[in-house]
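Listed below, chain by chain, are the residues.
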Amino acid sequence: QVQLIESGGGLVQPGDSLKLSCIGSGRTLSGYAMGWFRQAPGKEREFVAGYSRNGGYTYYGDSVKGRFAISRDNGKNTVTLQMNSLKPEDTAVYYCAAGRSVITSCIMNQNAYDWWGQGTQVTVSS
């Protein structure tokens, strides 16, 4: 069993930056693929960024490429999402997820992940 807790959400203005963190407990996350997803009101949950189980590969949704960066610190059992140049359309609840057996072709698929955090709200508004 893995517990994931997100933090770092808040209200920011367009163009600002925000850093989300996800800390895991229960097991080490070093052997898991990690992902960030988001869900805006009235919309389906969408993939934001992912970090492979091994090899250090990262993946991004088209809408955040070049603005967001995912990183992980296995020693601290954390995954972070650095979000720059935020836009109003980035407003959503952001979720951290961990998957034991996520292969590269499925890293954007939320159904491939085993554990989820409760989410943290990010609001981008002037």
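Nothing here was measured: the structure is a model prediction, and the numbers come from that model.

Draft legend 1. Spatial organisation of the state of the cysteines. Summed over all chains, the structure comprises one disulfide. Each sulfur in the disulfide pair Cys-22 and Cys-96 lies 2.1 Å from the other. What sets the handedness of the Cys-22 and Cys-96 disulfide is the S-S torsion sign, and at about -75 degrees it is left-handed. With Cys-22 in strand 3 (residues 18–25) and Cys-96 in strand 9 (residues 92–99), the pair connects residues that are 74 residues apart, well separated along the chain. Each of the two residues, Cys-22 as well as Cys-96, counts as buried. You can see Cys-106 has no disulfide; the closest cysteine sulfur is in Cys-96, sitting 18 Å from it.

Draft legend 2. Up close: unusual backbone geometry. Here the phi dihedral of Asn-77 falls at roughly 55 degrees; this positive angle occurs in a residue that is not glycine. Checked against the element boundaries, Asn-77 lands in the loop between strand 7 (68–73) and strand 8 (78–83). A positive phi is found at Ser-85, a non-glycine position, where the angle reads about 50 degrees. Here Ser-85 lies in the loop between strand 8 and strand 9. Accessibility expressed as a relative area gives 40% for Ser-85, which makes it partly exposed.

Draft legend 3. Focus on the nonpolar core. Residues Leu-4, Trp-36, Leu-81, Met-83 and Tyr-94 are the most contacted members of the largest nonpolar core, which totals 29 residues. Elements supplying a minimum of two residues to this core: strand 3, strand 4 (33–39), strand 5 (46–51), strand 7, strand 8, strand 9 and strand 11 (120–124). Ranked by the residues each element gives to this core, the list is headed by strand 9, at four residues. Not counting residues up to four positions away in its chain, the partners in contact with Met-83 are Asp-16, Ser-17, Leu-18, Leu-20, Arg-67, Phe-68, Tyr-94 and Val-122.

What counts as what
Residues numbered from 1 in each chain as written. Predicted model: local features only at pLDDT ≥ 70, side-chain atom pairs only at ≥ 80, totals over all residues. Heavy atoms only, no water. Disulfide = S-S within 2.5 Å. Helix = DSSP H or I, 4+ residues; strand = E, 2+ residues; numbered from the N terminus. Buried < 20%, exposed > 50% of the residue type's maximum accessible area, 1.4 Å probe, protein only. Core = buried A, V, L, I, M, F, W, Y, C linked by side-chain atoms within 4.5 Å. Contact = heavy atoms within 4.5 Å.

So yeah, pure geometry; function would need other evidence.
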